[in-house]
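Single-letter residue listing:
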Amino acid sequence: MTNLSRFDFSVVRTLRMKRGLTADQLAKKAGLTRATIMKIEGGYGNPTLDTIESLSRVFNLSSSELIRLAEVAQCEQGTLNTFKKEGINVSHTWFPDFEIYHVRAKKGVRKIWEPERHENTAEVCMVLSGKIEVTIAGQVYDLEPNRAIRFKALQEHRFNILEAAEFLLIHHK
């Protein structure tokens, strides 16, 4: 039998409240009893796979997504690296499946996509200050503070710093 102590299905309460449902409404939609919902939300339930599937359907999640949400969170510390080159200062924080590049670049710097830094991830570019031009697969985007774009990191892209800029590049699955 699986040890469910590393799971906390009380997240079901948060999902239910986010959708504006009462415990009775959730029980009815999932074909479960209110008592079952209350046990699960209280962190005392030991839901079967059938119960997880029923709840997942109500929340429009896959069963694996609900289980993943219920995994007891463990904090991760990122690995930090810094590097400088040709008018660019970068702090790179790495987590499995997630990376953050905090970039400070001088006006006039041009940076071309480096395929070895990319996997099958999405990339978010968010400008904190200054102005940059991002070209993605031939399409040009001008970004100023509080503007962001997201694209497939494997797409060819380049950055042209129009004004001294500080921005974040985030790679995520």
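Notes on the structure in this doc start here. (Residues numbered from 1 in each chain as written. Predicted model: local features only at pLDDT ≥ 70, side-chain atom pairs only at ≥ 80, totals over all residues. Heavy atoms only, no water.)

Examining the pattern of salt bridges
Okay, so step 1: Under the criterion given, the structure shown has six salt bridges.
Okay, so step 2: With a shortest N-O distance of 3.6 Å, K85 and E114 are connected by a salt bridge. Here K85, found in strand 1 (residues 79-85), pairs with E114, found in the loop between strand 4 (110-112) and strand 5 (122-136); they are 29 residues apart in sequence, far enough to count as distant.
Okay, so step 3: Residue K85 is classed as partly exposed on the basis of its relative accessible area, which comes to 37%. (Salt bridge = Lys/Arg side-chain N within 4 Å of Asp/Glu carboxyl O. Helix = DSSP H or I, 4+ residues; strand = E, 2+ residues; numbered from the N terminus. Buried < 20%, exposed > 50% of the residue type's maximum accessible area, 1.4 Å probe, protein only.)

Examining the environment of P145
Okay, so step 1: Within the fold, P145 resides in the loop between strand 6 (139-143) and strand 7 (148-152).
Okay, so step 2: Residues P145 and A165, spaced 20 residues apart in sequence, show a C-alpha to C-alpha distance of 9.0 Å.

Notes on helix 3 (residues 34-41)
Okay, so step 1: Along helix 3, the positions that sit buried rather than exposed are I37, I40 and E41. Down the axis of helix 3, the sector holding all buried residues measures 95°, keeping them to one side. Residues of helix 3 that are exposed and point more than 90 degrees away from the buried face comprise A35 and K39.
Okay, so step 2: Directly beyond the C-terminal end of helix 3, a positive phi value near 80° is found at G43. (Arc of directions from axis to C-beta.)

Brief notes about the packing of aromatic side chains
Okay, so step 1: As enumerated under the stated definition, the model contains three aromatic pairs in all.
Okay, so step 2: Where F7 meets F9, the ring centres are 6.2 Å apart and the plane angle is 25°; that geometry is what we call stacked. The residues F7 and F9 share a single accessibility class, namely buried. (Phe/Tyr/Trp six-rings, centres within 6.5 Å; stacked < 30°, edge-to-face > 60°.)

What to know about the packing of helix 4 (residues 49-58) against helix 5 (residues 63-70)
Relative orientation and spacing of two packed helices are given, respectively, by the angle between their axes and the distance between those axes.
Okay, so step 1: Two elements in contact, helix 4 and helix 5, have axes separated by 8 Å at closest approach and are oriented at 100°. With respect to helix 5, the element helix 4 is oriented roughly perpendicular. Listed contacts from helix 5 to I52, E53, L55 and S56 of helix 4 are S63, L66 and I67.
Okay, so step 2: Taken together, the residues of the contact of helix 4 with helix 5 break down into four nonpolar, two polar and one charged. (Axes fitted to C-alpha atoms, helices over the stretch in contact; angles between N-to-C directions. Parallel < 35°, antiparallel > 145°, perpendicular 65-115°, else oblique. Contact = heavy atoms within 4.5 Å. Nonpolar A, V, L, I, M, F, W, Y, C, P; charged D, E, K, R; others polar.)

Details of unusual backbone geometry
Okay, so step 1: In this model, A137 sits at a positive phi of 50°, which is unusual for a non-glycine residue.
Okay, so step 2: Positionally, A137 belongs in the loop between strand 5 and strand 6.
Okay, so step 3: Despite not being glycine, N146 shows a phi value in the positive range, around 70°.
Okay, so step 4: When you line up the elements, N146 lands in the loop between strand 6 and strand 7.
Okay, so step 5: Judged by its relative accessible area of 73%, N146 falls in the exposed class.

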